[in-house]
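If you want the building blocks of each chain, they are given just below.
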Amino acid sequence: MNTSEHRNKQFDVDLEDIRTRVLQMGGLVERQILDSIDSFSTGSHDLISRVIDGERDVDTAEKEIDDACAHVVARRQPAASDLRLIMGVSKIVTDLERIGDEAEKIARMARQIHGRGALQIPRFVDIRHAGDLAVRQLRRALDAMARLDPLESEKLIAEDRMIDSEFRGIVRHLITYMMEDPRTISTALEIIWVAKAIERIGDHAKNVAEQVIFIVRGTDVRHVPLDAPAEPGSPG
Amino acid sequence: MVTTLARPQPQAAAAPEPDAALTLKAEAKALNFFYGSFRALNNINMPIYDKKVTALIGPSGCGKSTYLRCFNRMHDLYPGNRYEGEIRLYPDNTNLLSAQVDAIEVRMRLSMVFQKPNPFPKSIFENVAYGIRVRGERKQNRISDKVEEALRGAALWDEVKDRLNDLAFNLSGGQQQRLCIARALAADPEIVLFDEPTSALDPIATASIEELISQLKQRVTILIVTHNMQQAARVSDFTAYMYLGEMIEYGRTGDIFIKPKNPQTEAYITGRFG
């Protein structure tokens, strides 16, 4: 990835502006997940409303960044690393927006569960733990994007399995609950939806990391097993 | 800012992975060229694939036009110029630069189209017929057929068929350039060399020439020098980046414009050069 200056300085300003906006959107989305998990544990109406309202800001950020990318393509005809940055950013904002959707989903589930007055939420601690893992993954993906660090991205991709296995563990436990006490079925199913949303957040963070690798190296690591040999000629 | 004043360090200019559909039409081998004592090209090795468009890009003075002109021995016209190495033309494996090979013969096999349209001060018909007569054709009906074929090949026939005897200078700039392409095609060349063919044309005429190049590659091999990188990206199958007389990187156009291997190529095509 070439980060030296263009002869046309406005081009640098445009690209830097896009990168900054992506990181700001990432910060916004991170806040949404944290608030949604908190709302799930506390049932706070304020938090639930804040997450649901905040989703509009995430959507607006996605549209604005996409528009800025379209302008760069139309006005600058970017090539090589600049082209990869624009293409990568365009995909990253889609993942960030979907993370925002998952956060909203968790908040709506929290409203439903707490609205029903479920006093005991089974496996709450596990949800909190999986949620923390997902937030950590997203934060690492955004750091990798900020530093254009493919090595950190590779580590993150390898660790996505941890969230997947947390999700499977939660589902296993909830099935036991439901079998023991059928009155917990409604709540347990909603918690599975929350766990699934967290697992999806991990997947989207992984997608962001894959795009960082594409931006820096030009290699497409999507749908490729981690132990697969690197593409010939791909720079480190 | 990337400073590229130092002598470039060219990568091994290996051809891309062999593709069953690719056939070599020509090949530069250890090509050097000197204007007197000045070495303008330094050890160029490069394949030219049959019925493909190969673009040469690089900053002014990098040697891309000098390289193009080696192919039709245009440098022979000036004293003190000297070639070293070979340009092999296939399938007959002729060294175009050999003193035993007649430069006129070479120019019939490799036609050239220049930056500015340069029709002869003759009629549209005679401009195209000239190349056919040079080839020795004397029968008027055969010449007429060939003129029509060449004008159709240059996507100009429909615009000029009713005024073939008009002076070529009465055509627009874009039409004049297509007339020059028709003149080049009339000699049935194997390779057409384009030296910045659209730099004097407006965007619409440029688009016509680019479309024409895409059609022409069904019949001939094309080598094009262009300052317009987007043009190279649009029309070519392979791209070579040159700097200070050396070929820095050669590869499939898609790879060069998405994932160039050499940082100097990257700096040039992203506008970070110099």
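In this text the structure is predicted, and so the values were computed from the model without any measurement.

Re the overall build of chain A
Summing up its helical and strand segments, chain A has 6 helices and 0 strands in all. Scanning chain A from its N terminus toward the C terminus, one meets helices and strands in the order α-α-α-α-α-α. Sorting the 236 residues of chain A into buried and exposed places 44% on the buried side. Excluding contacts between residues fewer than 6 apart, the proportion of contacts in chain A whose partners are at least 24 apart in sequence is 80%.

Details of the sheet that holds strand β5 (residues 94–95) of chain B
Residue and element names in this part refer to chain B. Taken in spatial order, the 4 strands line up as β2-β1-β4-β5 in an open sheet, and their pairing is antiparallel. Taken across any chain shown, the strands that pair with only one partner, and hence form the sheet edges, are β2 (38–49) and β5. In terms of strand pairing, strand β1 (residues 24–35) meets β2 through 8 bridges, oriented antiparallel. Across the sheet, residue Ala-28 finds its bridge partner in β2, namely Met-46. On top of the sheet, helix α1 (residues 64–71) reaches β1, β2 and β4 (81–89); it is set at about 65° to β2, its chief contact.

Some thoughts on the nonpolar core
Counting residues in hydrophobic clusters, the biggest one holds 144 residues, and the most contacted among them are Ala-134 of chain A together with Ala-182 of chain B. The element contributing the most residues to this core is helix α6 (residues 185–217) of chain A, with 15 residues. Beyond its immediate chain neighbours, meaning those up to four positions away, Ala-134 of chain A contacts Ile-33, Ile-163, Ile-198, Ile-201, Gly-202 and Ala-205 of chain A.

A look at the interface of chain B and chain A
Listed as interface residues are 16 residues of chain B and, on the opposing side, 16 residues of chain A. A class-by-class count of the residues in the side of chain B that touches chain A yields 9 nonpolar, 3 polar and 4 charged.

Considerations on the environment of Val-225 of chain B
All names here are of chain B. Relative to the elements of secondary structure, Val-225 occurs in strand β8 (residues 221–225). The spacing of Val-225 and Phe-114 is 111 residues in sequence and 9.9 Å in space, taken between C-alpha atoms. Excluding residues within four positions of it along the chain, Val-225 makes contact with Leu-56, Lys-64, Ser-65, Leu-68, Phe-194, Asp-195 and Glu-196.

What about the sheet that holds β8 of chain B?
All names here are of chain B. Taken in spatial order, the 6 strands line up as β6-β7-β8-β3-β9-β10 in an open sheet, and their pairing is mixed. In this open sheet, the two edge strands, each paired with only one partner strand, are β6 (110–113) and β10 (246–252). Between one strand axis and the next, the sheet turns by 20° as a mean value, whatever way the strands run. Pairing geometry for strand β3 (residues 53–57) and β8, over 4 bridges, is parallel. Its bridge partner being in β8, Leu-56 is matched across the sheet by Val-225.

Conventions we followed
- Along each chain, residue indices are assigned from 1 in the same order as the chain's sequence is written.
- In the order they appear in the text, chains get letters beginning with A and ligands get numbers beginning with 1.
- Note on the predicted model: pLDDT of at least 70 is required for a residue's local features to be given, and 80 or more for side-chain atom pairs to be given and counted; whole-chain, interface and lining totals, by contrast, use all residues.
- The way it works is that DSSP assigns letters per residue, a run of H or I at least four long becomes a helix, a run of E at least two long becomes a strand, and they are numbered from the N terminus.
- Whether a residue is buried, exposed or partly exposed is read from the other C-beta atoms within 10 Å of its own C-beta, which are placed from the backbone; 20 or more gives buried, 12 or fewer gives exposed, and intermediate counts give partly exposed.
- For the purpose of contact definition, each residue receives a C-beta atom placed from its backbone, and two residues are in contact when these atoms lie within 7 Å.
- Any two strands are treated as partners once DSSP identifies two or more bridges connecting them.
- Only the contacting stretch of a helix is used when fitting its axis, a line to C-alpha atoms as for every element, and angles between N-to-C directions run 0 to 180 degrees.
- By our criterion, buried Ala, Val, Leu, Ile, Met, Phe, Trp, Tyr and Cys residues that link up through C-beta atoms within 7 Å make up a nonpolar core.
- Gly is put with the polar residues, along with every residue not named as nonpolar or charged; the nonpolar set is Ala, Val, Leu, Ile, Met, Phe, Trp, Tyr, Cys and Pro, and the charged set is Asp, Glu, Lys and Arg.

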